[in-house]
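Listed here are the chains, written in short residue letters.
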Amino acid sequence: MQKNWLDPGVCMLDSIKKDELNNQITRLCDLYSQGQVETVLQEVHILLEVFPNSIALYIIEGDCNAKLQKFDAAKICYKKAVDLNPNFAPSHFNLAVVFQDTGELDSAIKSYETAIQLKPDYAIAYNNIGLIFRDKNELDVAIRCFESVLKINQTDSTAYNNLGVIMLKKQLYASAQENFRKAIKLTPNFFSAYYNFGVVMEETGNFNQSLKYFRKAIQISLLLPDTNISGVTYVRGKFDNPL
């Protein structure tokens, strides 16, 4: 139903409701960052009864379900967000992440590509789709994805590390070293980059150097208990969403 924009009472009410929703979303994001996922999920359900067309609430609900590994429920939430606004790239991105989590790689690629079409500078979408192509052993396609990330952001250490992993798989050791070196320069405590650099040194027979990098990786892992030890970096979505 079209609203009467000349009615100041209606306009004021809409403004109050929008401000309240913004405040609630900010509070929910704070609770989520504190690990209170179940609490956030419960409160989102209540808020959706008042704000049934809030894309942000559906995405937050989806993120909570994904965090709890309730992936089917997360897909439903993200698809609802997509239905509400098909032109909002983060909804497609978050849906792609869940598809990637559940191994539905073709669906993930399709959703990532849609996100990129809507937002051509979507660096983390290029990063994640690059990892899919790496796992499918389509290494040249993966390289182009990570290079696209670096065209968008030349200081993205994650992309340098992931690109280095591809070069390592292709046994292009000099290029692998160069990329890991750049990743470490940008992020001095980058566990994966140090570990991967150690692998390069080991495979090229530089055992003393490999021990040096492995020891550094171990030191970092002891300081950062949640360190990613997979050698690549997989990026999830954020609460960068509209109402």
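Residues numbered from 1 in each chain as written. Predicted model: local features only at pLDDT ≥ 70, side-chain atom pairs only at ≥ 80, totals over all residues. Heavy atoms only, no water.

Caption draft 1: Representation of the packing of helix α5 (residues 89-101) against helix α6 (residues 105-118) in the model. Axis separation between α5 and α6 bottoms out at 8 Å; the angle between their running directions is 160°. As far as their axial angle goes, α6 and α5 are roughly antiparallel. As α5 runs across α6, the sense of the crossing is left-handed. For the pair formed by α5 and α6, the contact residues are Ala89, His92, Phe93, Leu95, Ala96, Val97, Phe99 and Gln100 on the first element and Leu105, Ser107, Ala108, Ser111, Tyr112, Thr114, Ala115 and Leu118 on the second. The residue makeup of the contact of α5 with α6, split by class, is 11 nonpolar, five polar and no charged. (Axes fitted to C-alpha atoms, helices over the stretch in contact; angles between N-to-C directions. Helix = DSSP H or I, 4+ residues; strand = E, 2+ residues; numbered from the N terminus. Parallel < 35°, antiparallel > 145°, perpendicular 65-115°, else oblique. Left-handed = near helix turned anticlockwise from the far one by under 90°. Contact = heavy atoms within 4.5 Å. Nonpolar A, V, L, I, M, F, W, Y, C, P; charged D, E, K, R; others polar.)

Caption draft 2: How the structure looks around the nonpolar core. Core analysis: the largest hydrophobic core is formed by 74 residues, its most contacted members being Leu57 and Tyr112. The element contributing the most residues to this core is helix α3 (residues 55-67), with eight residues. Among residues more than four places away in sequence, those in contact with Leu57 are Leu21, Ile25, Leu28, Val44, Leu47, Leu48 and Phe51. (Core = buried A, V, L, I, M, F, W, Y, C linked by side-chain atoms within 4.5 Å. Buried < 20%, exposed > 50% of the residue type's maximum accessible area, 1.4 Å probe, protein only.)

Caption draft 3: Here's a closer look at the packing of aromatic side chains. All chains considered together, the criterion is met by seven aromatic pairs. Measuring from ring centre to ring centre gives 6.3 Å for Phe180 and Phe197, while their planes differ by 45°; the resulting arrangement is tilted. Of this pair, Phe180 sits in helix α10 (residues 173-186) while Phe197 sits in helix α11 (residues 191-203), and the two are 17 residues apart along the sequence. Here Phe180 matches Phe197 in class, with each residue buried. With a centroid separation of 6.1 Å and an interplanar angle of 15°, the aromatic rings of Phe191 and Tyr195 are classed as stacked. With Phe191 and Tyr195 both in helix α11, this residue pair falls four residues apart, about one helical turn. Among the residues examined, Phe191 registers a relative accessible area of 10% and is labelled buried. Each residue in the set Phe180, Tyr194, Phe197 and Tyr213 is aromatic and connected to the rest through ring pairs, giving one cluster. Residue placement shows Lys212 over the ring face of Tyr213; its charged tip is 5.4 Å from the ring centre. Across from the ring centre of Tyr194, 5.9 Å away, lies the NZ or CZ of Lys216, which sits over that ring. (Phe/Tyr/Trp six-rings, centres within 6.5 Å; stacked < 30°, edge-to-face > 60°. Lys NZ or Arg CZ within 6 Å of the ring centre and 35° of its normal.)

Caption draft 4: Main features of the environment of Thr187. Mapped onto the secondary structure, Thr187 falls in the loop between α10 and α11. In this structure the C-alpha to C-alpha distance between Thr187 and Ser157, which are 30 residues apart in sequence, comes to 6.4 Å. A distance of 2.7 Å separates a polar atom in the side chain of Thr187 from a polar atom in the side chain of Ser157. (Polar contact = N/O pair within 3.5 Å; in protein donor to acceptor, adjacent residues only side chain to side chain.)

Caption draft 5: Seen up close, the side chain of Ser210. Along the chain, Ser210 falls in helix α12 (residues 207-223). Owing to a relative accessible area of 4%, Ser210 belongs among the buried residues under this scheme. Among residues more than four places away in sequence, those in contact with Ser210 are Gly198, Met201 and Glu202.

Any link to function would need more than the numbers given here.
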